[in-house]
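Each chain, letter by letter, is given below.
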Amino acid sequence: MKNTYLILFTVLLGGLSFLGFSRWSKQAIKLERGENYHRDLPEGVNDLFAGSGKCGGCHGPDPQMITSVDDDSVDVNVTSDWRSTMMANSAKDPFWRAKVSHETLVNPGHAADLETKCTSCHAPLGHFNALHNGQTTYSISEMVSDSIALDGVSCSACHQLDPDSLGKEFSGNIVYDTNKIIWGQYQNPFPAPMQSLVGFDVQYGAHVGLSEMCASCHTLITKTADLSGNYTGDEFVEQATYHEWLNSQYASGPGEKTCQSCHMPSIDDSVKLALDYGWVGGRSPYSKHHFAGSNVFMLKLLKNNMDSLGVDATAIQFDSTISRTLNTLQKQSMNLSCVELNRQNDTAYYEVEIENLAGHKLTSGYPSRRIFMQFIVLDSLGDTLFKSGTWDGSYEVYGHDANYEPHYDVIRNEDEVQIYELVFGDINGDKTTILERGYAPLKDNRIPPKGFSMSHFAYDTTEIAGLALTDPNFNWDGVTEGTGIDKIYYNIGLDGYTGDLNVICRSYYQTAPPAWMVEMFSHSSYEIDRFRDMFDLADKVPTLMKQVLLGDIFVGEKELDVLDFNIYPNPANSQLFVDVEGNGKIDKMEVYSLSGRHVMNLSGINRSIDVSTLSSGTYILRVLGENGKVSSKRFIVQH
């Protein structure tokens, strides 16, 4: 009887295909004719992987808004969300390519090994296919001519990971399943379309939702070379985001959260997954492929150089990813508080508390990244009495020591600035930004995550270094370790001033500080020169993370109940989109000219504005939300 059912099913399946009723046959024809919705993404295959264009044909936007939409009919398709992320552009990232070039110029004899190591995470689909076919190295020049390698960390890079190796291999030593299996998070998958269209088998894999998926690349330990280019036998932890997560309360227990919890926000809506296969039914929960972190600077640089970099995303898609990244950085990364403790003997005493909300160090990842604190004291008229953490015309922090700024528990002078960063030295103990010369951290005061412990088994890859080790308020509350908090005390001399005080306390994020660039920009190559040109023209203003205002002159700003929103693209030509923090409710939107003339009213239900009828110029969008929340932003119309 079982065989009879199997024969009947096979005949029925073949009959439907013959009659032209087969959905996956229709889609196959569409792909063969190049009629899928992502022609610009690579559609080729190599021996192990498929380009994201193959996946985008089914998992991209649905013009009929049947598939890849949430319960409110908002497009949440995988391809559009992913393609403007740093993951999608990992192989095209000009900063990364310049830094690889820098390292090979310093140690040309290591060029093949360096490029092979770096492409393992930034261009895995080309790298591991080459090694699968017997190559022992994979170069940048091979990557540049390989469209699938330039696909970056795309669909196959994650969904073909071998589940048995996860969390056991690091530093780009990725193990892939070679049987063309695509692992997904849903049980009882419907494999026929993918088998027919791209030759991959779909199977359920519980590991897809685990942080171990990220481990192979997000902990990188490199070999140390001396100043002559000779390997010393030592190793240096360049970055250890996964191990930082392990050494936190989020890795296990009541507060457990995975990397995906923050970087791939989940919704409980039932989402139909594949174009033309809406009849299969929806799946829930659904993880949005936002991959938003903190790298606003590089996202803007990529957007502004899309054509020259060959980026396969639109300006609107980049604006959306930038908005999500700002939200992650400003709303999910830290809490900031500032209180006046005392004022006596011509000195005002303040306590600033920074609480890490992330599942890893703040900041984490590539060691150029840093957070610095700004603290400004004004008199009753708004004149400056004290300032720490401002910057010069090159966007370098005033007061930054020639070598590096130490960690502070107490700040008394304007040239003392709290900078949270990893600074590393070579075998002579001298500061360097040449990664292959990294021998030991000279300073690592990046704020640990909650639950972080110096007795944890992963502490050897996540250590604290420098003066933060002796700071009694750094990840300690006097009794307990693992607070994920640092406290800074500002003792401000007032020089006889006795009036009211006003304080501005801010935290800023920098991806590519000017000081980090000096060593690399002292060399010249095509990749370095290209990035230098882009860097010189880039918006290098540090990204504001948090702000606390104290004093009477800030009362209006403190008490204003602001609705957080972002708009894009800006400048706009035809449509302006409004992205509200936390999907907050909008009651009404109003557009005004700069002179204050009312231009239009709009309903808050549709979060797009048709600006095609407006004359070119600058306007103000005023957004009114629930509970009286209100906020305004400027935008430019440019026809």
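Each remark here, short or long, concerns the structure printed above.
Notes on the structure follow. (Residues numbered from 1 in each chain as written. Predicted model: local features only at pLDDT ≥ 70, side-chain atom pairs only at ≥ 80, totals over all residues. Heavy atoms only, no water.)

Moving on to the side chain of K540. By secondary structure assignment, the location of K540 is in the loop between helix 17 (526-537) and strand 20 (543-550). D536 provides the closest opposite charge to the buried, unpaired K540, separated from it by 5.3 Å. A polar side-chain atom of K540 sits 2.7 Å from the main-chain carbonyl oxygen of F535. For K540, the side chain forms a polar contact with the main-chain oxygen of D536, separated by 3.3 Å. In contact with K540, not counting residues within four places along its chain, are F297, Y395 and F535. (Helix = DSSP H or I, 4+ residues; strand = E, 2+ residues; numbered from the N terminus. Buried < 20%, exposed > 50% of the residue type's maximum accessible area, 1.4 Å probe, protein only. Lys, Arg positive; Asp, Glu negative; His and termini not counted. Salt bridge = Lys/Arg side-chain N within 4 Å of Asp/Glu carboxyl O. Polar contact = N/O pair within 3.5 Å; in protein donor to acceptor, adjacent residues only side chain to side chain. Contact = heavy atoms within 4.5 Å.)

Within a beta sheet, neighbouring strands are joined by backbone hydrogen bonds and run either parallel or antiparallel to one another. Taken together, the 3 strands give an open sheet; going across it, the order is 21-22-25, and neighbouring strands pair in antiparallel fashion. Edge strands, defined here as strands with exactly one partner in the open sheet, are strand 21 (565-568) and strand 25 (608-610). Strand-to-strand twist across the sheet, computed as the mean angle between neighbouring axes with direction ignored, equals 20°. Relative to strand 22 (residues 575-580), strand 21 runs antiparallel, the two being bridged by 4 bridges. In the strand pairing of strand 22, F565 is matched with V580. Its contacts with the sheet place helix 15 (residues 315-331) against strand 21 and strand 22, and it is angled at close to 165° to strand 21. (Pairing = 2+ DSSP bridges. Axes fitted to C-alpha atoms, helices over the stretch in contact; angles between N-to-C directions.)

Where side chains of opposite charge bring their charged atoms close, a pairing between them can arise. A complete count under the given rule lists 18 salt bridges for this structure. Measuring nitrogen to oxygen at the nearest pair gives 2.8 Å for the salt bridge that ties D40 to R83. With a gap of 43 residues between them, D40 in the loop between helix 2 (23-32) and helix 3 (52-59) and R83 in the loop between helix 4 (78-82) and helix 5 (94-106) connect regions that are remote in the sequence. Residue D40 is classed as partly exposed on the basis of its relative accessible area, which comes to 44%. Given the relative accessible area of 6%, R83 is considered buried. Measuring nitrogen to oxygen at the nearest pair gives 2.4 Å for the salt bridge that ties E355 to K450. Of this pair, E355 sits in strand 10 (residues 347-356) while K450 is found in the loop between strand 17 (440-444) and strand 18 (485-493), placing the two residues 95 residues apart along the sequence. In terms of burial, E355 and K450 fall into one category: buried. Several salt bridges converge on common partners, so that one network encompasses E244, K361, D444 and R446.

Membership of the largest hydrophobic core comes to 33 residues, with the highest contact counts inside it found for Y350, V352, I354, M373, F375 and Y490. For this core, the elements supplying multiple residues, two or more each, are strand 9 (334-344), strand 10, strand 11 (370-378), strand 18, strand 19 (502-510) and strand 20. (Core = buried A, V, L, I, M, F, W, Y, C linked by side-chain atoms within 4.5 Å.)

With that settled, the discussion passes to helix 13 (residues 296-304). Burial within helix 13 is extensive, with 7 of its 9 residues counted as buried. Every buried residue belonging to helix 13 is among V296, F297, M298, L299, L301, L302 and K303, and all of these are buried. If you follow the buried residues of helix 13, they end up packed against helix 5, helix 14 (306-309), helix 15, helix 17 and strand 20.

Function cannot be read off these values alone, since they describe shape.
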